[in-house]
Amino acid sequence: MWSELFLVPFLTGLCLAILLPLLGCYLRLRDEWLAALAYSHVAAAGALLALVTAMPPAVGGIAAAGLAGAGKRFFAAKLAGGASYALLLLGGWAVAVLLAANHPMAERLGHALFDGQLYFSSSEQLWLVAVCSLMALLFLRKLANNLLLAHVYPDFFRVRGLPAWPTQTGFDLLAALALALATMSMGVMGAFALVFIPPWLAFRRGRNWRAGLWLALAIGLLAYIAAFIVALGLDQPFGPVLALVLIVVGLVIA
Amino acid sequence: MSFLLHIEHLVAGWQQAATQPFDLMLAAGEIVGLTGPNGVGKSTLLAALAGRAKIFSGRIEQRPGLRLALQTQDVPPVDGLPLSGRELLALTGASDDGLPHWLADRLDLRLDRLSGGQRHYLALWAILQAPADLVLLDEPTNNLDAAGVAHLTAHLRERAAAGAGMIVVSHDLAFVHSVCDRVLELGAGDVE
């Protein structure tokens, strides 16, 4: 299992299993957990679109999700109540399915993205994910207090003149890019499972915010390692196995 | 005596003007109470001071570098959130010195495990004790029992003695008259 063939995908997923549960805690704090699913679908559509236009799929996926994250605020007034995420999710899904249905190469990549085949990760992808995950964690740490304060005391946050841009659009962009990277590596639903289930459990069981973050991280990491071993041992696609492991863990802990 | 805030003929509102012209000069260490019937625009005035409501006419002059803290009637959304009282205080930079014992012992609990009154007082304390020169309070005695009101009254006086100015909106006339240096009743016509 620890040959380079499997070590590279394992380490790629490990970086994401650290980042996504922590990111998910802040998405859940803002009642934006649906954003994870929306950005993943948009990233998948962007990757397929790039493929059929002879561009690198990773560039297309990251660019599409990044545009969605940064552009969401421009339509915030019209798309309140999570409507923006529902529209992005539906739009991303529709474009991805149509591209896959009309282009043989897109069909293959589409299957990989929606099945969640982590084992195809290359060492270039590992470096990209590792560096981006580290940067995202540092940025998240810098934003953490302001994200909490803006949620609990929005008026206090405003009267203190704290910078709103990084807390709002900056976080949207961070979430979109992280989800795009994760979708390229472990598929739409594998990424969503890591963003949604560990934070859900942490919010139910955490003694405080810090303990909740640690709990989400521990659940995400342990579930990821278990899923990797099971999927490899049984020769199954990684994404669905990860989702099932997390569902079982969720039902036991919740 | 140094002035924190100078308000001249202020008319504020949301889509349309919702207050009568309002004048006020507030000094450091002074507590001013605003009372009056529902709908007269007390909370709207606070919102205008905080930059949230629209100013239709008049002006607000603040001392340069003034640090504001604002408590609104909105309940902080902490249900289902794993946030402890100690973490809440840390968010606003508030100290736990002087907290009543019935809260000091519970600082490490999640906020959604506290009673409504305890949660309200802690949420209020996080604003009151935040580093600020001017504190705006909107109905701070809501959900507080007699012990809570008594503790709040004593603490506001201490905070004012340390130099903070305050504007307190409240329907609780006994509280307002016991804690404030001046009480302004908003109603028809100009105030002050």
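Data block above holds the structure.
What comes next concerns the included structure. (Residues numbered from 1 in each chain as written. Chains lettered and ligands numbered in written order. Predicted model: local features only at pLDDT ≥ 70, side-chain atom pairs only at ≥ 80, totals over all residues.)

### Observations regarding the nonpolar core
Side chains of nonpolar character tend, in soluble globular proteins, to be buried together.
All names here are of chain A.
Moving on, step 1. Among the nonpolar cores identified, the biggest contains 150 residues, and Tyr39, Leu48, Ala65 and Leu179 are the most heavily contacted of them.
Moving on, step 2. Among the elements that take part in this core, helix α2 (residues 34-52) stands out by supplying 14 residues, more than any other.
Moving on, step 3. Setting aside residues no more than four positions away along its own chain, tyrosine 39 makes contact with Ala65, Ala68, Gly69, Ala175, Ala176, Leu179 and Ala180. (Core = buried A, V, L, I, M, F, W, Y, C linked by C-beta atoms within 7 Å. Buried ≥ 20, exposed ≤ 12 C-beta atoms within 10 Å, placed from the backbone. Helix = DSSP H or I, 4+ residues; strand = E, 2+ residues; numbered from the N terminus. Contact = placed C-beta atoms within 7 Å.)

### What to know about the packing of α2 of chain A against helix α3 (residues 57-71) of chain A
Residue and element names in this part refer to chain A.
Moving on, step 1. Direction vectors running N to C along α2 and α3 enclose 135°, while the axes themselves pass 6 Å from each other. For the element pair α2 / α3, the angle class is oblique. Crossing handedness for the pair α2 and α3: right-handed. Residues Tyr39, Val42, Ala43, Ala44, Ala45, Gly46, Ala47, Leu49, Ala50 and Leu51 of α2 form the contact with α3, whose participating residues are Pro57, Ala58, Val59, Gly60, Gly61, Ala63, Ala64, Ala65, Ala68 and Gly69. (Axes fitted to C-alpha atoms, helices over the stretch in contact; angles between N-to-C directions. Parallel < 35°, antiparallel > 145°, perpendicular 65-115°, else oblique. Left-handed = near helix turned anticlockwise from the far one by under 90°.)

### A few points about unusual backbone geometry
Residue and element names in this part refer to chain A.
Moving on, step 1. Of note, the phi angle at alanine 54 is positive, near 60°, even though the residue is not glycine.
Moving on, step 2. Inspection of the secondary structure assignment puts alanine 54 in the loop between α2 and α3.
Moving on, step 3. Residue classification places alanine 54 among the exposed positions, given that 6 C-beta atoms sit within 10 Å.
Moving on, step 4. Here aspartate 235, not a glycine, exhibits a phi torsion of approximately 55°, which is positive.
Moving on, step 5. By the element assignment, aspartate 235 lies in the loop between α10 (209-234) and α11 (238-253).

That's the geometry; what it means functionally is another story.
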